[in-house]
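As a plain string of letters, each chain reads:
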Amino acid sequence: MTALFDAAELLMARVRLAPRLQIEELAGAVRELSGREPSELFADPEGLRGLVHADDLERYDDAVAGVEPSTTIFRWRPPQAPVRWVEQTIVPWLDEHARRVGFLCLVRALRGAPASEIKRDESYFQTLLQTINDGILVNDPDGAIEFVNARLAAMLATSPEAMIGRRIFDYMDDESAAAARSNLRRRREGSEDQFDFRFRREDGADFWAIVSAKPLFGPRGEHRGSLVAITDITARRRVEADLRRARDELEARVAERTEQLTLEVQERRRAETLALEASRTKSVFLANMSHELRTPLNAIIGYTELLAEEREVEDELHRDLGRIHGAATHLLELINNILDLSKIEAAKMEITRERCVIGPLLDDLQSTLLPAAVKNGNHIMVLCSDPQRTIVVDRTKLKQILLNLLGNAVKFTRRGWIELRVGFEREDDVEFLVAIVSDTGPGIPAHKIGSLFSAFQQADGSIARKFGGTGLGLAICRELCHLLGGEIQVVSEMGEGTTFTVRLPLLPA
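Residues numbered from 1 in each chain as written. Predicted model: local features only at pLDDT ≥ 70, side-chain atom pairs only at ≥ 80, totals over all residues. Heavy atoms only, no water.

Observations regarding the nonpolar core
Then, number 1: Ranked by size, the top nonpolar core spans 41 residues in total, and within it Leu362, Ile391, Leu398, Leu405, Leu420 and Leu433 carry the most contacts.
Then, number 2: Per-element accounting of this core gives the leading share, seven residues, to helix 14 (residues 395-412).
Then, number 3: Look past the residues within four positions of Leu362 in its chain and what remains in contact with it is Val382, Cys384, Leu402, Leu420 and Val422.
Then, number 4: The next biggest cluster of nonpolar side chains, apart from the first, holds 24 residues, and it includes Ile145, Phe169, Met172 and Ala177. (Core = buried A, V, L, I, M, F, W, Y, C linked by side-chain atoms within 4.5 Å. Buried < 20%, exposed > 50% of the residue type's maximum accessible area, 1.4 Å probe, protein only. Helix = DSSP H or I, 4+ residues; strand = E, 2+ residues; numbered from the N terminus. Contact = heavy atoms within 4.5 Å.)

Examining the confidence of the model for the protein
Then, number 1: Here the protein shows a mean pLDDT of 80. Residues at 70 or above account for 80%.
Then, number 2: A low-confidence stretch, residues 461-468 stays under pLDDT 50, and its non-local contacts, those more than four residues away or across chains, total nine contacts. (pLDDT = per-residue confidence, 0-100.)

A word on the sheet that holds strand 4 (residues 84-94)
Backbone-to-backbone hydrogen bonds pair the strands of a sheet. The strands run either parallel or antiparallel.
Then, number 1: Strand order in the open sheet formed by five strands is 2-1-5-4-3, with antiparallel pairing between adjacent strands. Each end of this open sheet is capped by a strand with a single partner; those strands are strand 2 (22-28) and strand 3 (70-76). Shown here is a sheet whose adjacent strand axes are inclined to one another by a mean of 25 degrees, direction ignored.
Then, number 2: Where strand 1 (residues 10-16) and strand 2 come together, six bridges link them in antiparallel fashion. Its bridge partner being in strand 2, Arg16 is matched across the sheet by Gln22. (Pairing = 2+ DSSP bridges. Axes fitted to C-alpha atoms, helices over the stretch in contact; angles between N-to-C directions.)

Focus on the packing of helix 13 (residues 358-375) against helix 14
Then, number 1: Interaxial distance between helix 13 and helix 14 falls to 10 Å at its minimum, and their mutual angle equals 30 degrees. For the element pair helix 13 / helix 14, the angle class is roughly parallel. Helix 14 is crossed by helix 13, and the crossing has right-handed handedness. Of the residues in helix 14, those touching helix 13 at Ile358, Leu361, Leu362, Asp364, Leu365, Thr368, Leu369, Ala372 and Ala373 are Arg395, Leu398, Lys399, Leu402, Leu403, Leu406, Gly407 and Val410.
Then, number 2: By residue class, the composition of the contact of helix 13 with helix 14 is twelve nonpolar, two polar and three charged. (Parallel < 35°, antiparallel > 145°, perpendicular 65-115°, else oblique. Left-handed = near helix turned anticlockwise from the far one by under 90°. Nonpolar A, V, L, I, M, F, W, Y, C, P; charged D, E, K, R; others polar.)

Some words on the pattern of salt bridges
Two side chains carrying opposite charge are able to pair once their charged atoms lie near each other.
Then, number 1: Applying the stated rule across the entire model yields 31 salt bridges.
Then, number 2: Residues Glu419 and Arg421 are paired through a salt bridge, measuring 3.1 Å at the closest nitrogen-oxygen approach.
Then, number 3: Residue classification places Glu419 among the partly exposed positions, given a relative accessible area of 23%.
Then, number 4: A cluster of three or more residues bridged by salt bridges with shared partners is formed by Arg14, Arg16, Glu24 and Glu25. (Salt bridge = Lys/Arg side-chain N within 4 Å of Asp/Glu carboxyl O.)

Re helix 13
Then, number 1: For helix 13, with 18 residues, the first-to-last C-alpha span of 27 Å sits near the 26 Å given by 1.5 Å per residue.
Then, number 2: Residue Leu369 marks the point of greatest curvature in helix 13, where the axis turns by about 40 degrees; the proline Pro371 follows within four residues.
Then, number 3: Those residues of helix 13 that are buried lie in contact with strand 11 (354-357), strand 12 (379-384), strand 13 (390-393), helix 14, strand 14 (417-427) and strand 15 (430-439).
Then, number 4: Trailing helix 13 by a residue or two, Gly377 shows a phi angle of about 75 degrees, which is positive. (Expected span 1.5 Å × (residues − 1). Bend = angle between axes of the 7 residues up to and from the residue.)

Some thoughts on helix 5 (residues 57-65)
Then, number 1: By the burial criterion, the buried members of helix 5 are Leu57, Tyr60, Ala63 and Val64. Projected onto a plane normal to the axis of helix 5, the buried residues spread over an arc of 125 degrees and lie on a single side. Residues of helix 5 that are exposed and point more than 90 degrees away from the buried face comprise Glu58, Asp62 and Ala65. (Arc of directions from axis to C-beta.)

What to know about the pairing of strand 1
Then, number 1: Burial analysis of strand 1 places five of its seven residues in the buried class, which makes it a mostly covered element.
Then, number 2: Here strand 1 pairs with strand 5 (residues 100-109) via seven bridges, running antiparallel. Its bridge partner being in strand 5, Ala13 is matched across the sheet by Cys105.
Then, number 3: Between strand 1 and strand 2, which follow one another and run antiparallel, lie five residues.

What about the pairing of strand 9 (residues 206-217)?
Then, number 1: Two strands pair when backbone bridges link them, and strand 8 (residues 193-200) and strand 9 are joined in this way by eight bridges, in the antiparallel orientation. Note that in strand 9 the partner of Arg200 across the bridge is Asp206.
Then, number 2: Between the end of strand 8 and the start of strand 9, which pair antiparallel, lie five residues, with Gly204 showing a positive phi angle near 95 degrees.
Then, number 3: Both strand 9 and strand 10 (residues 223-232) contribute to a ladder of nine bridges, which runs antiparallel. Looking at strand 10, one finds that Val211 is bridged to Ile230.

A closer look at the environment of Ala153
Then, number 1: In this structure, Ala153 sits in helix 7 (residues 150-155).
Then, number 2: Ala153 sits in the buried class, given a relative accessible area of 1%.
Then, number 3: Residues in contact with Ala153, not counting those within four places in the same chain, are Val148, Thr158, Ser159, Pro160 and Met163.

Quick notes on the packing of aromatic side chains
Then, number 1: A full pass over the atoms with the stated rule returns two aromatic pairs.
Then, number 2: Geometrically, the ring pair formed by Tyr60 and Phe74 is edge-to-face, given 5.7 Å between the ring centres and 70 degrees between the ring planes. Residue Tyr60 is found in helix 5, and its partner Phe74 is found in strand 3; the two are separated by 14 residues along the sequence.
Then, number 3: Between Phe199 and Phe207 the ring centres are 5.5 Å apart and the planes differ by 15 degrees, which places this aromatic pair in the stacked class.
Then, number 4: By relative accessible area, Phe199 is classed as buried at 0%.
Then, number 5: If you follow Arg14 out to its NZ or CZ, it ends over the ring of Trp93, 4.8 Å from the centre. (Phe/Tyr/Trp six-rings, centres within 6.5 Å; stacked < 30°, edge-to-face > 60°. Lys NZ or Arg CZ within 6 Å of the ring centre and 35° of its normal.)

Structure (C-alpha cells):
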C-alpha cells in the first residue's frame, strides 16, 4: 500500500482535533509532497495546514470544519520548492458516539494547473489587458495584428475588431511607419526596442506615444511575432514643445542682452581708455612744465628779496615787497605740489636713495617749522630714539613727507602741541623707520577719514577758506610712502587731535 501511495504521489493523514490538535497517522509520499520529514509533521501538527497557500487557507478551513466529505483543489507551497497544485479529499472522523473528533485527509498531486484555474486566470488576464491604461497589441512576424485591447483601439478612434488583421503601420505617418518596419525586422532577430512614434487616428488627428516592443517565441524557439505596449505621451510632448519654445525665446533674449552688454562694456572701456589717455597726457604735460613754471616764480622771489635788502627802500614799499614775496612763495608751493602729483601719476618721479644721519635731518625740520609754530602759539617737539643713526633712504622724499605732515599740524593747531617721534622697528628681517606726527588740534570727523588722502580733498570745506591750500599735501604723502615701499595711517578724534604714522622700509646702511 505504501509503495502504491508513493507511486501515485498520494499522501494520507489522520488528524485529531479534540481534545488537542494531533497527527496520529501519516502514510504515502510525505517527503515528496510536503518537503518535510514525517517526524517533523508529527512534532508540529500545524505544519500540515502551513503547507496550504495563504490565498487558499479560507477554503481549506471550511473543508476541515465541514460535516460532509469534500474534495477541493488547493495550492501547496512546500519549503524551498515551487508552488504546486494538489487535490485534497477530507472525510470527517467520528467517535462511537458520532461526535466529530478529527478528519482523514488524502492529498493527490496534480500535473499543472487544473482547467478551472486556467480558465479563471485567463478571465483575470483578459480583464487586466482590457482595463490597463496602456494600449496592448500582439502581431505576427509579418506585423499583422492578432490581438488588440480596447484602450489602444480607443486611442486610434476605432474598434478592436476593425484592427485585427491590419498592420500597426496603417495607423502611423510615413516617417514613423518606415521606422516601425525597420524595427519589425529587428524583432525577428530577437531585439527589444523602445522608441517614440507619431500615430494617426482614423479621424485624421495625430498623437505621440512611447512604443515598447518585445519579440515572442514559441515552445521550440520559433519567432511568433511581437508584444507591443503603447503609452500616449501627447500631453508630455506638448509640454516639452512649450518648454523648448520658452527656452529658445529665453536664449534669444539672453543673447540679445549679452550683445547689448558687450557693446556697453566696449563703449565704457573705450571711454575709460580715452579718459586715462587724457589724464596721462595732462600729467606728462604738467610734469614737463616744471622748469617753465618754477623758473619765473623763483626769479620773482629772488628779486623781491634783493629789493627788500636795500636799506633805502621805504617802509611802505618794503611791506609791498613782503606781500609780493609771500604770494610768490605760496604760489610756488602750490605749483610744486601739483607738479609733484603729476610726476607721480605720469610715473616720472624718481627715487634716489642715499646715506644720511637722521638727527640733522630732524633738526632741519624743526628749524624750518619753528617760526610758523611760534606764530600760532604752538610748542613743537622732535624726539628720536637714535639721532646718530645712519640710514639709507631718499632723503628728499622723507623730508617732504614729514614736512607736509608737520606743516599741516602747525597750520591747523592753535596754542597747542606738535610732536614728531622717530624710532626703528624690525619685522621679518626688514628694518623700518617709524615716524609718528601728533598734534592737539581740532581733529578730523570720522566720516572724512576715508577721503583724507584723496587729491584735492580736505576734511572740511571751511578749511580751504580759512587756511588755504589745495588738499594735495596728504595725497602726495601717501603716494611718496608707496613709492618708498611704505605706508601711512591716521587716527583722529574730534577735539582731541590727530596722529599720523609713517612706516618706511630701510636698506642696510
